[in-house]
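Structural description and commentary
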Amino acid sequence: MGFLTAVGRYGRRMLDAVLFDLDGTLTDPAEGITGAFRHAVASVGHPAEDDADLTWIIGPAVRDNLARYGLPDEHHDLVVTTFRAHMTEVGLFQATVIAGITDVLATLQEQGIPLALATAKPVFQAEISLEHFGLDRYFTVVAGGIADGVPRSKSLIVGDALAALGHPDPARVAMVGDRHHDIDGAHANGCIAVAVTWGYAEGGEMDVAKPHHIVDSPAELTALLHRLP
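Notes on the structure in this doc start here. (Residues numbered from 1 in each chain as written. Predicted model: local features only at pLDDT ≥ 70, side-chain atom pairs only at ≥ 80, totals over all residues. Heavy atoms only, no water.)

**With respect to the sheet that holds strand β6 (residues 173-177)**
- Across the sheet, which stays open at both edges, the six strands sit in the order β5-β4-β1-β6-β7-β8 with parallel pairing between neighbours. Edge positions in the open sheet fall to β5 (141-145) and β8 (213-215), since each of these has one partner strand only. Averaged over neighbouring strand pairs, the angle between their axes works out to 20 degrees when direction is ignored.
- Pairing geometry for strand β4 (residues 115-122) and β5, over four bridges, is parallel. When the sheet's bridge partners are listed, Pro122 is paired in β5 with Gly145.
- With respect to the sheet, helix α6 (residues 154-164) is in contact with β1 (17-20), β4, β5 and β6, its orientation differing from that of β4 by roughly 145 degrees. (Pairing = 2+ DSSP bridges. Helix = DSSP H or I, 4+ residues; strand = E, 2+ residues; numbered from the N terminus. Axes fitted to C-alpha atoms, helices over the stretch in contact; angles between N-to-C directions. Contact = heavy atoms within 4.5 Å.)

Put into structure tokens, the structure is as follows:
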């Protein structure tokens, strides 16, 4: 459906598109991502403590996480390769879909609003995840990282998604995510920034990121997106 014809049941024009982050927004990937990270850093002799909380790695690019973890630069290439391989073989399938999120996607699709994924994951991994969890039917565009592990900002990824959607008016596009990277990407591209609280944002993160809206449940997200813009 074209951007000018996406209207609600009462004739009110709806959003032109909605972009979604993947990890922490559509799915809970904690077991798979933290497990792959532990496996990868241990493979070069820098294991994480058994009781270390690694949920902060969910969302940012892998190389950014390695820098924060303090892994020496000479190990980064091998660890990225090991992490990616473990995720592709095991970690992707250890995620779970957030309860109620499928209803959000189905409702938006029924309203004729195009949906795009905007994730730091490599595109091929994102596509595997969507297909595995039966979410691929809802998305017309998948934008993401590059398999070589070189970090790409969420701003660039959101820009890729908008371009693939045909350059809708960003003021009529919502970007939904759980980390500041998602909110930063929305702001950088002029989109409506929507933060969800069921993901992995660290304390005070959204105070700095300043999303336009914050929602606490998928049902609240559906209601918000129906009202926007």
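Okay, back to it.
**Quick word on the packing of aromatic side chains**
- Enumeration according to the criterion identifies three aromatic pairs in this entry.
- Relative to Phe139, the ring of Phe20 has its centre 6.3 Å away and its plane inclined at 85 degrees; by these criteria the two rings are edge-to-face. With Phe20 in strand β1 and Phe139 in the loop between α5 (123-132) and β5, this residue pair connects regions lying 119 residues apart in the sequence.
- Looking at Phe20, the relative accessible area reads 0%, which means it is buried.
- Pairing Phe37 with Trp56 gives two aromatic rings, centres 6.5 Å apart and planes at 70 degrees, and the pair type is edge-to-face. Here Phe37, found in helix α1 (residues 30-42), pairs with Trp56, found in the loop between α1 and α2 (62-69); they are 19 residues apart in sequence, far enough to count as distant.
- For Phe37, a relative accessible area of 1% puts it in the buried group.
- The class of Trp56 is buried, set by a relative accessible area of 13%. (Phe/Tyr/Trp six-rings, centres within 6.5 Å; stacked < 30°, edge-to-face > 60°. Buried < 20%, exposed > 50% of the residue type's maximum accessible area, 1.4 Å probe, protein only.)

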